[in-house]
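Descriptive analysis of the structure
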Amino acid sequence: MTVRVVLPSHLRQLAHCDRELVVDAEATQRGVIDAIEQRYPALRGTIRDPATGRRRPFVRLFACGQDLSHESPDAALPSAVVDGSEPLRIVGAMAGG
Amino acid sequence: MGGVRVLVGTRKGAFILTSDEQRRDWRVDGPHFAGWEVYHVAGSPADPDRIWAAPSGGWFGQVIQRSDDGGRTWEAVGNDFSYASPAGEHQWYDGTLRPWEFARVWHLEPSPTDPDLVYAGIQDAALFRSVDGGVSWHELAGLREHGSGPQWQPGAGGMCLHTIVLHPTNPDRMTVAISAAGVFRTDDGGTSWRPINQGLLSDGIPSPAADVGHCVHNLAMHPARPDTVYMQKHWDVMRSDDGGEHWREISGNLPSDFGFPIAVHAHEPDTVYVVPITSDSHHFPPEGKLRVYRSRSGGDKWEALTEGLPQQNCYVDVLRDAMAVDTLDDCGVYFGTTGGQVYGSADSGDTWQPIVRDLPPVLSVEVQTL
């Protein structure tokens, strides 16, 4: 499965990559993040806390106008992400007032 | 190539300032890691092209980056700082116990001789070592586990291991400082540790002369005289002449003995620099005058260095890792402020010039003499 992923600028700096990338991955959050970390080791620990394996609190996952952040990491991604018509967006949450 | 390279960590990235031996004209490169908080950037004395940086942030955690070309390009190295054993608990602000939890890297200390050996001081306080250039990190857990850990508590900035002093000739001896726990030393390469805080007095803790609990802000040592260690404590400037076994106060005529950094002249082990700050609640220079104080007698007698520094309406702070010296014949001294200025002196502090004025708040300053 190929999945389009949009990365925030902080992570693009580390990975030296474009805003949008395409990864071969199982179509779940966990599968996509695993694939990103394998391809870009510089991003290990930036999306998920390496100690807990959980999504970092200020990292959000959006797709198709929905917030997927609180869904199970093993839940299937929306069909529009699976068929490539929509990207999975990894977003640094608005925070700071 | 001669000259100096000043490595600056800021709230919003890292900057590299370079100059020739005259240190009059400067090139400013950066920001590297724009948007990341860079608590520290440090170069290897054994290979000046090798530099480590510790960007972190509330969104994406901690990463470690390494350059092998003097800061032109950077690549990620390891960022797994997992504690080596069950992490235990330490004091929290409200008197309860709280589990040790990794927050960030505060300080990187490269070996003076081995370009692959580097130490990292982290929050919650622990010491890590890498022997592969930063690819992997392993905790020296004997420090956290030596016994006094449950009495350690965070300072205002968190419970951090922020200072690592490597003995210049004895690789088995290391001295570290933790806020707010105090100074600790190993004499067996990091396996066993003990507190060395005798002589410290801190009015802000229940027992002012306690073995641990002191908010030590920074340490400095001259490599030619490694038994002499200088300390800027929360309050009090201190000195030890027996490797930290005993401390005595050398604040003397300073206008305030509160402050954060302390540094030693590259060629004069008795010449010491501090930047007095008004108080723990007023983190700005006394009277709004930014003054570095220099002692040429190893403490007690201090002179204000003001030429080229703002002497009115200045309310910046200078943080603990934000002062450093070069090793050119006429020793250069550098410091950065929370107002984003980096000042340099090419004459041991007699005169100063701003190298750059409008960076993000400066968290750290290190110097490589090339």
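Cut-off values and rules
Residues numbered from 1 in each chain as written. Chains lettered and ligands numbered in written order. Predicted model: local features only at pLDDT ≥ 70, side-chain atom pairs only at ≥ 80, totals over all residues. Heavy atoms only, no water. 1 Å grid on protein atoms, 1.4 Å probe; cavity = no way out; pocket = protein on both sides within 12 Å on 5 of 7 lines; lining within 4 Å. Points joined across faces, edges and corners; volume = space filled by probe spheres on them. Helix = DSSP H or I, 4+ residues; strand = E, 2+ residues; numbered from the N terminus. Nonpolar A, V, L, I, M, F, W, Y, C, P; charged D, E, K, R; others polar. Patch = residues over 30% accessible without salt bridge, like charges linked within 9 Å, V, L, I, M, F, W, Y side chains within 5 Å. Areas by Shrake-Rupley, 256 points an atom, 1.4 Å probe, with all protein chains shown as cover. Salt bridge = Lys/Arg side-chain N within 4 Å of Asp/Glu carboxyl O. Lys, Arg positive; Asp, Glu negative; His and termini not counted. Charge placed at Lys NZ, Arg CZ, Asp CG, Glu CD. Buried < 20%, exposed > 50% of the residue type's maximum accessible area, 1.4 Å probe, protein only. Pairing = 2+ DSSP bridges. Axes fitted to C-alpha atoms, helices over the stretch in contact; angles between N-to-C directions. Contact = heavy atoms within 4.5 Å. Core = buried A, V, L, I, M, F, W, Y, C linked by side-chain atoms within 4.5 Å. Buried area = accessible area lost by both parts, 1.4 Å probe. Polar contact = N/O pair within 3.5 Å; in protein donor to acceptor, adjacent residues only side chain to side chain.

For the rest of this paragraph, the subject is the layout of surface pockets. Residue and element names in this part refer to chain B. There is about 1200 Å³ of room inside the largest pocket. If you go around the largest pocket, you meet 42 residues; those closest to its centre are Pro45, Glu109, Met221, Val325 and Glu366. It is strand β15 (residues 160-166) that contributes the most residues to the lining of the largest pocket, 5 residues altogether. Taken together, the residues of the lining of the largest pocket sort by class into 22 nonpolar, 15 polar and 5 charged. Volume-wise, the second largest pocket comes out at about 860 Å³.

Moving on, we come to a negative patch on the surface. Residues and elements named next belong to chain B. On the surface, a cluster of negative charge is contributed by Asp20, Glu21, Asp25, Asp329 and Asp330. Positionally, Asp25 belongs in the loop between β2 (13-19) and β3 (27-32). Residue classification places Asp25 among the exposed positions, given a relative accessible area of 63%.

All names here are of chain B. Read from one edge to the other, the open sheet built from 4 strands follows the order β27-β28-β29-β30, with strand pairing classed as antiparallel. Edge positions in the sheet fall to β27 (323-325) and β30 (353-356), since each has one partner strand and no second. Taken pair by pair, the neighbouring strands of this sheet meet at an average axis angle of 25 degrees, ignoring direction. With 3 bridges joining them, strand β29 (residues 342-345) and β30 adopt antiparallel strand pairing.

All names here are of chain B. Tracing the chain through its elements places Ile277 in the loop between β24 (272-274) and β25 (292-295). Here the alpha-carbon distance between Ile277 and Phe260, two residues 17 residues apart in the chain, equals 7.9 Å. With residues near it in sequence (within four places) discarded, Ile277 still touches Ser256, Phe258, Gly259, His282, His283, Phe284, Pro285, Pro286, Val316, Asp317 and Val318.

Time to look at the nonpolar core. Residues and elements named next belong to chain A. Counting residues in hydrophobic clusters, the biggest one holds 38 residues, and the most contacted among them are Val5, Val23, Val32 and Ile36. Among the elements that make up this core, the one with the highest residue count is helix α2 (residues 29-39) (4 residues). In this structure, Val32 is in contact with Val3, Val5, Val23, Ala25, Glu26, Leu77 and Leu88, ignoring residues within four places of it in sequence.

Turning our eyes to something else, we now look at the interface of chain A and chain B. Accessible area lost upon the coming together of the parts is a frequently used measure of interface size. Taken together, the contacts link 16 residues of chain A with 15 residues of chain B. The largest per-residue losses of area from chain A upon contact with chain B belong to His10(A), Gln13(A) and Leu14(A), which jointly make up 35% of the total buried on that side. Connecting chain A to chain B are 0 salt bridges. If you look at where chain A meets chain B, you find 6 residue pairs in polar contact (both at pLDDT 80 or more). The element that contributes the greatest number of residues to the side of chain A that touches chain B is helix α1 (residues 9-15) of chain A, accounting for 4 residues. When grouped by side-chain class, the residues that make up the side of chain A that touches chain B number 8 nonpolar, 6 polar and 2 charged.

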